[in-house]
Amino acid sequence: MTDKFELYDVLAILVPGILVTYICVFCFPNVLSLVPKMGDTLNALAFTALGILIGQIVQALSSSLEPLLFKSWGGKPSTLALTNGLGERYWSAAEAKRVRAKLTSNLGADASTEALFRLAMQLAEKKGSIRATKFNALYAYHRALIVLSLIALFVTEASAFVGTLSTRPKSTLVLLVIPVTAMFLLFWNRCRQRAFYYVREILQVAENAVDDAKVTASAKP
């Protein structure tokens with residue numbers, strides 16, 4: 001299992017987790033008064049452990065919000081890629097039709113789009129596509145960043161009522177909300193791109209696997 005433990009698997013948990021923890025402490029500094037006095041080393045370990053825990057929660061939330069993400073993108077990327085494509089930039093309609101036909105030849109005409117993509121994933125896994133693994137990790141990372149930005153928006157606005165920002169001018173809240181909102185839109189778009197890249201890579205590798213299998217079969221006496 002350790003050979004599959006990638007850098008982005010760590011970042012997708014640590015970065016959102018530690019940043020959410022820091023944002024909460026910044027917006028509600030009185031929380032620190034509840035923390036018992038301990039040594040610097042123990043405090044650092046506890047802060048890191050808390051960041052990992054919150055990072056896991058962020059990942060769980062981001063996974064639960066996937067249906068809403070897919071809806072905002074116009075549909076599930078894997079379904080779009082095998083029906084009408086993802087647009088000329090990522091995966092054209094012609095490519096969608098061609099690869100769907102090749103996958104259908106293995107599962108039959110009655111196979112659903114979900115079943116076809118599961119087959120494509122199996123073929124890509126057998127090929128050991130490093131790019132597919134990387135794109136999937138990047139997708140999970142940016143998906144977590146979307147949730148991070150939403151939490152940052154919520155915590156910032158809550159702080160304007162009962163936290164640090166309650167004593168600051170309202171203009172301070174606006175100056176914080178605007179960049180966080182822009183961050184959310186940026187992460188939304190980047191996550192969409194990473195999802196499309198992942199699906200495209202899976203289908204390309206699967207198509208090559210199907211073609212290779214046909215060549216091998218035809219070469220046998």
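For clarity, every value in this text was computed on a predicted model and none was experimentally measured. (Residues numbered from 1 in each chain as written. Predicted model: local features only at pLDDT ≥ 70, side-chain atom pairs only at ≥ 80, totals over all residues. Heavy atoms only, no water.)

Draft legend 1. View of the packing of aromatic side chains. Following the criterion strictly, the structure yields five aromatic pairs and no others. With centroids separated by 5.2 Å and ring planes inclined at 75°, the aromatic side chains of Tyr90 and Phe196 adopt a geometry described as edge-to-face. Of the two residues, Tyr90 is situated in the loop between helix H4 (77-81) and helix H5 (93-107) and Phe196 in helix H8 (residues 170-219); the sequence distance between them amounts to 106 residues. Here Tyr90 falls in the buried class, since its relative accessible area comes to 7%. Measuring from ring centre to ring centre gives 5.8 Å for Phe135 and Tyr197, while their planes differ by 35°; the resulting arrangement is tilted. Of the two residues, Phe135 sits in helix H7 (residues 130-162) while Tyr197 sits in helix H8, which places them 62 residues apart along the sequence. With respect to class, Phe135 is no different from Tyr197; both count as buried. An aromatic cluster is defined as three or more aromatic residues linked by ring pairs; in this entry it consists of Tyr90, Phe135, Phe196 and Tyr197. (Phe/Tyr/Trp six-rings, centres within 6.5 Å; stacked < 30°, edge-to-face > 60°. Helix = DSSP H or I, 4+ residues; strand = E, 2+ residues; numbered from the N terminus. Buried < 20%, exposed > 50% of the residue type's maximum accessible area, 1.4 Å probe, protein only.)

Draft legend 2. Up close: the packing of H5 against helix H6 (residues 113-127). Here H5 crosses H6 at 90°, and the two axes come no closer than 10 Å. With respect to each other, H5 and H6 are oriented roughly perpendicular. Contacts from Arg100, Leu103, Thr104, Asn106 and Leu107 in H5 reach Thr113, Ala115, Leu116, Leu119, Ala120 and Leu123 in H6. Across the contact of H5 with H6, the residue classes tally to seven nonpolar, three polar and one charged. (Axes fitted to C-alpha atoms, helices over the stretch in contact; angles between N-to-C directions. Parallel < 35°, antiparallel > 145°, perpendicular 65-115°, else oblique. Contact = heavy atoms within 4.5 Å. Nonpolar A, V, L, I, M, F, W, Y, C, P; charged D, E, K, R; others polar.)

Draft legend 3. Spatial organisation of the pattern of salt bridges. In total, this model carries seven salt bridges according to the counting rule given. The partner of Arg143 in a salt bridge is Glu66, and the shortest N-O contact between them spans 2.9 Å. Residue Arg143 is located in helix H7, and its partner Glu66 is located in helix H3 (residues 66-72); the two are separated by 77 residues in the primary sequence. Residue classification places Arg143 among the buried residues on the basis of a relative accessible area of 10%. Ionic pairing is found between Glu201 and Arg131, a salt bridge with its closest N-O pair at 3.2 Å. Taken together, the positions of Glu201 in helix H8 and Arg131 in helix H7 put the pair 70 residues apart, joining distant regions of the chain. A single network of salt bridges, built from pairs that share partners, joins Arg98, Lys102, Glu207 and Asp211. (Salt bridge = Lys/Arg side-chain N within 4 Å of Asp/Glu carboxyl O.)

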